[in-house]
Amino acid sequence: MAFCNSCGATLDSGTKFCNKCGSAVAPVAPIPGATPAPPTTGGSSALKVILMVVAAIVAVGILGMVTVGIVGYRIAKSAHVTQQGEHVKVDTPFGSVETSKDPQQATKDLGIDIYPGAEVQKNGASSASFGNIRTVTALFESSDAPDKVCSFYKTKFPGAQVTTSEQTHCTIVSNDRRNMVTINIEANGDTTKIQITNVTRKSD
């Protein structure tokens, strides 16, 4: 149904002139149908970004593992190991590592007074050095009580930090610029265990 633009009279569909006033009737343009909106690609774009990030992380991880493998292979290839009894030395491009389980040598390397009458134990002795850092550990046994052994080492390290637990355990820690000495004293049945560790930094 159409209407005259001049007088408003009702016109039949397809009429070109108004039957009442004779005015020309402008053709009515058809209303175009609504065009469907293009599908949104936000979800697929986000998925692509996530997949790209995951792929990048995986690639970096693989590259890192390959690099570590190559470096490890070169170190292993250039490392040189020598062993004499309980003494093992490993030379690498980054320095040398020495280890020993000789209790007598560890006792000498400690550089600390040993409690009188204490006997060195083989299982608790070790020494290792890397670069300018050397760590020596030795284990001793004494028939004296823990508090007596602790008193002995308190006099040797008057400025040390001391931790005691009843009269069966005592820990002494002494630290300076070049040495960190840790002495752990504890009751072990009828004897007293004395474990001494000395971490030494060699002067440059």
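Relevant structure appears above.
The following refers to the structure shown.

Criteria and thresholds
- Residues numbered from 1 in each chain as written.
- Predicted model: local features only at pLDDT ≥ 70, side-chain atom pairs only at ≥ 80, totals over all residues.
- Heavy atoms only, no water.
- Helix = DSSP H or I, 4+ residues; strand = E, 2+ residues; numbered from the N terminus.
- Contact = heavy atoms within 4.5 Å.
- Areas by Shrake-Rupley, 256 points an atom, 1.4 Å probe, with all protein chains shown as cover.
- Disulfide = S-S within 2.5 Å.
- Buried < 20%, exposed > 50% of the residue type's maximum accessible area, 1.4 Å probe, protein only.
- Arc of directions from axis to C-beta.
- Phe/Tyr/Trp six-rings, centres within 6.5 Å; stacked < 30°, edge-to-face > 60°.
- Pairing = 2+ DSSP bridges.
- Polar contact = N/O pair within 3.5 Å; in protein donor to acceptor, adjacent residues only side chain to side chain.

For the protein chain, the count of helices and strands is three helices and eleven strands. Shown N-terminal to C-terminal, the secondary structure of the protein chain runs as helices and strands in the order β-β-α-β-β-β-α-β-β-α-β-β-β-β. Of the contacts formed within the protein chain by residues at least 6 apart in sequence, a portion of 39% connects residues at least 24 apart. Summing over all exposed atoms, the protein chain offers an accessible surface of approximately 14300 Å²; the carbon and sulfur share of this is 57%.

Let us look at the state of the cysteines. Overall, the coordinates contain one disulfide when judged by the stated rule. Covalently, Cys150 is tied to Cys170 through a disulfide, its sulfur atoms 2.0 Å apart. Here Cys150, found in helix 3 (residues 146-156), pairs with Cys170, found in strand 9 (residues 169-175); they are 20 residues apart in sequence, far enough to count as distant. Classification of Cys150 as buried rests on a relative accessible area of 4%.

This part is about helix 3. Three or more residues of helix 3 are buried, namely Pro146, Val149, Cys150, Phe152 and Tyr153. Axial view of helix 3: buried residues confined to an arc of 155 degrees, hence all on one face. Structurally, helix 3 contributes buried residues whose contacts are with strand 7 (133-142), strand 8 (161-165), strand 9, strand 10 (179-188) and strand 11 (191-201).

The next subject is the packing of aromatic side chains. Enumeration according to the criterion identifies two aromatic pairs in this entry. Residues Tyr115 and Phe152 carry aromatic rings whose centres are separated by 5.2 Å and whose planes lie at 90 degrees to one another, so their mutual orientation is edge-to-face. You can see Tyr115 sitting in the loop between helix 2 (103-110) and strand 6 (119-130) and its partner Phe152 sitting in helix 3, a full 37 residues away along the chain. Neither residue differs from the other here; Tyr115 and Phe152 are each classed as buried. The interplanar angle of 85 degrees and the centroid separation of 4.9 Å between the aromatic rings of Phe152 and Tyr153 together place this pair among those described as edge-to-face.

Moving on, we come to the pairing of strand 8. Sheet analysis places strand 8 next to strand 9, joined by five bridges and oriented antiparallel. Paired with Val162 across the strands is Ile172, a residue of strand 9. Count of turn residues in the strand 8/strand 9 antiparallel hairpin: three residues, of which Glu166 carries a positive phi of about 55 degrees.

With respect to the helices and strands, Thr200 occurs in strand 11. Polar side-chain contacts of Thr200 include one of 3.0 Å to the side chain of Asn179. Beyond its immediate sequence surroundings of up to four residues, Thr200 is in contact with Asn132, Ile133, Arg134, Arg178 and Asn179.

Now for the side chain of Ser174. By the element assignment, Ser174 lies in strand 9. When neighbours within four sequence positions are excluded, Ser174 is seen to be in contact with Phe157, Ala160, Asn179, Met180 and Val181.

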